[in-house]
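Overview (structure and organization)
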Amino acid sequence: MRWPRLSGSGHVEARVSLSLNSPGLCVSLQPSQVEDALSGEEDKEEEEEKEEETTPAPTPVPEHPVMPQLAGASQVLGASEMSQLSLHLPPRVTGYSWSLAFCTSRDGFSLQSLYRQMEGHSGPVLLVLRDQDGQMFGAFSSSALRLSKGFYGTGETFLFSFSPQLKVFKWTGSNSFFVKGDLDSLMMGCGSGRFGLWLDGDLYRGGSHPCATFNNEVLARQEQFCINELEAWVLS
């Protein structure tokens, strides 16, 4: 630090030498400049602390799949497939139990029977099936399957297929053609007159095509298939 000296105007001028981060580098600053510099550093630290406080922490992703609690036994999916699917369900249904509301081996091959079994349920449904080739695929519906005049559902709806690894096709935002239930067919996803997944009234034949709703691949090995087993699980 240098001693104050008298300037030409008779004022006392004070200079302070501060050592910065670089070794051997000194800069002469006025006292007011020193205060401003220190104040600026404090403001910067406060802003960084505020950013750390306001930045939301990322949602933790489970490292390992968790087997859901089941009320019933599946003839289509094994424990591994169920655990993998559980990771792709909406966060709001995490921890929900899976109840087998309908299965063709017990309730018969009838779409109307499926609708009847859905009565009294409002929660989301996981529809899973196995075709004649042993291919496993299906859909998650944000609400119970039912008769409807038009399409219903939300962006939580998605299609999936095990081929053999799990592939999940989420909503693209292109349209809102999620689910539509007729007396003689059930449709999920639509675009250019083709459905991501459709089932006939006997739950015997079905089809799958790429559609704009989910930008999905053909879920089965071929576009037309025959249903060997179908199940509807209510999550609650």
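A brief look at the structure comes next. All residue numbers refer to positions counted from 1 along the written sequence of the respective chain. For a predicted model such as this one, the threshold for reporting local features is a pLDDT of at least 70, and the threshold for listing and counting side-chain atom pairs is 80 or more; totals across whole chains, interfaces and linings nevertheless cover every residue. Computation of side-chain values covers all heavy atoms of the structure but excludes hydrogens and water.

We now examine the overall build of the protein chain. Helix and strand content of the protein chain: 4 helices and 15 strands. Here the term buried applies to any residue with accessible area under 20% of the maximum for its type, exposed to any over 50%, and partly exposed to those in between, with areas from a 1.4 Å probe on protein chains only. Classification of the 236 residues of the protein chain by burial places 38% in the buried group. Partitioning the intrachain contacts of the protein chain with sequence separation of at least 6 by distance along the chain shows that 55% fall at a separation of at least 24. In short, Shrake-Rupley with a 1.4 Å probe defines the accessible areas, and a residue's cover is counted only from the protein chains shown. For the protein chain, the exposed surface amounts to about 13600 Å²; the carbon and sulfur share of it is 51%. Put simply, DSSP H or I for four residues or longer makes a helix, DSSP E for two residues or longer makes a strand, and each gets a number counted from the N terminus. We call two residues in contact when some of their heavy atoms are within 4.5 Å.

On to the pattern of salt bridges, then. The rule for a salt bridge is simple: a side-chain nitrogen of Lys or Arg has to be within 4 Å of a carboxyl oxygen of Asp or Glu. Evaluated as defined, the whole model comprises 5 salt bridges. Glu156 is the salt-bridge partner of Arg92, the closest N and O atoms lying 2.8 Å from each other. In this pair, Arg92 is assigned in the loop between helix H2 (79-86) and strand E6 (98-103) and Glu156 in the loop between strand E8 (136-141) and strand E9 (158-162), connecting sequence segments 64 residues apart. Note on Glu156: relative accessible area 26%, which makes it partly exposed. Across the pair Lys167 and Glu217 runs a salt bridge, and its minimum N-O distance is 3.2 Å. Here Lys167, found in strand E10 (residues 166-169), pairs with Glu217, found in the loop between strand E14 (205-207) and strand E15 (224-235); they are 50 residues apart in sequence, far enough to count as distant.

Another point: helix H4 (residues 111-118). Here H4 has its buried residues at Leu111, Ser113, Leu114, Tyr115 and Met118. We define a polar contact as two N or O atoms separated by no more than 3.5 Å, with the added condition that, inside protein, one atom must be a possible hydrogen donor and the other a possible acceptor, whereas residues neighbouring each other in sequence contribute only through side-chain atom pairs. Sitting at the amino-terminal end of H4 is Ser110, which places a side-chain oxygen 3.4 Å from the backbone nitrogen of Gln112. Just downstream of H4, Gly120 is the residue with a positive phi angle, here 90°.

Once that is clear, we can look at the nonpolar core. By convention a nonpolar core is built from buried Ala, Val, Leu, Ile, Met, Phe, Trp, Tyr and Cys residues, the set being connected through side-chain atoms within 4.5 Å. The biggest cluster of nonpolar side chains holds 32 residues, and the ones touching the most others in it are Met118, Leu145, Leu186, Leu197 and Leu199. Counting residues per element, the ones that place at least two in this core are E6, H4, strand E7 (125-131), E8, strand E12 (185-191), strand E13 (194-200) and E15. In terms of residues, this core owes the most to one element, E15, which gives 5 residues. Sequence-distant contacts of Met118, that is, excluding residues within four places in its chain, are made with Ala101, Val125, Ala144, Leu145, Ala232 and Val234. Listed in part, the 19 residues of the second largest apolar core include Met82, Trp98, Val128 and Leu166.

In terms of residue burial, E6 counts as a mostly covered element, since 5 of its 6 residues are buried. With 5 bridges connecting them, E6 and E15 associate as antiparallel partners. Within the sheet, the bridge partner assigned to Trp98 lies in E15 and is Leu235. Paired strands are those between which DSSP finds at least two bridges.

We now examine unusual backbone geometry. Cis geometry marks the peptide bond from Ser163 to Pro164, where omega comes out at -10°. Structurally, the position occupied by Pro164 is in the loop between E9 and E10. Not every positive phi belongs to a glycine, and Ser192 is a case in point at roughly 55°. As for its placement among the helices and strands, Ser192 is situated in the loop between E12 and E13. The backbone of Leu203 sits at a positive phi, close to 50°, despite the residue not being glycine.

Here, the term disulfide refers to a pair of cysteine sulfur atoms separated by no more than 2.5 Å. Applying the stated criterion to the full structure yields 0 disulfides. Its sulfur unpaired, Cys211 is 7.2 Å from the next cysteine sulfur, which belongs to Cys190.

A few words on the packing of aromatic side chains. Planes of paired rings set the category: under 30 degrees apart is stacked, over 60 is edge-to-face and the rest tilted, where pairs are Phe, Tyr or Trp rings (Trp by its six-membered ring) whose centres lie within 6.5 Å. For the structure on display, the rule yields 7 aromatic pairs. Each ring, one from Phe160 and one from Phe162, has its centre 6.2 Å from the other, and the planes form 80°; the classification is edge-to-face. Following the ring pairs from residue to residue traces out a cluster consisting of Phe140, Phe158, Phe160 and Phe162. In this analysis the charged atom, NZ for Lys or CZ for Arg, is taken to sit over a ring once it is within 6 Å of the ring centre and within 35 degrees of the ring normal. We note Arg146 situated over the ring of Tyr152; from NZ or CZ to the ring centre the distance is 4.0 Å. Note that Lys170 overlies the ring of Phe158, its terminal NZ or CZ placed 5.4 Å from the centroid.

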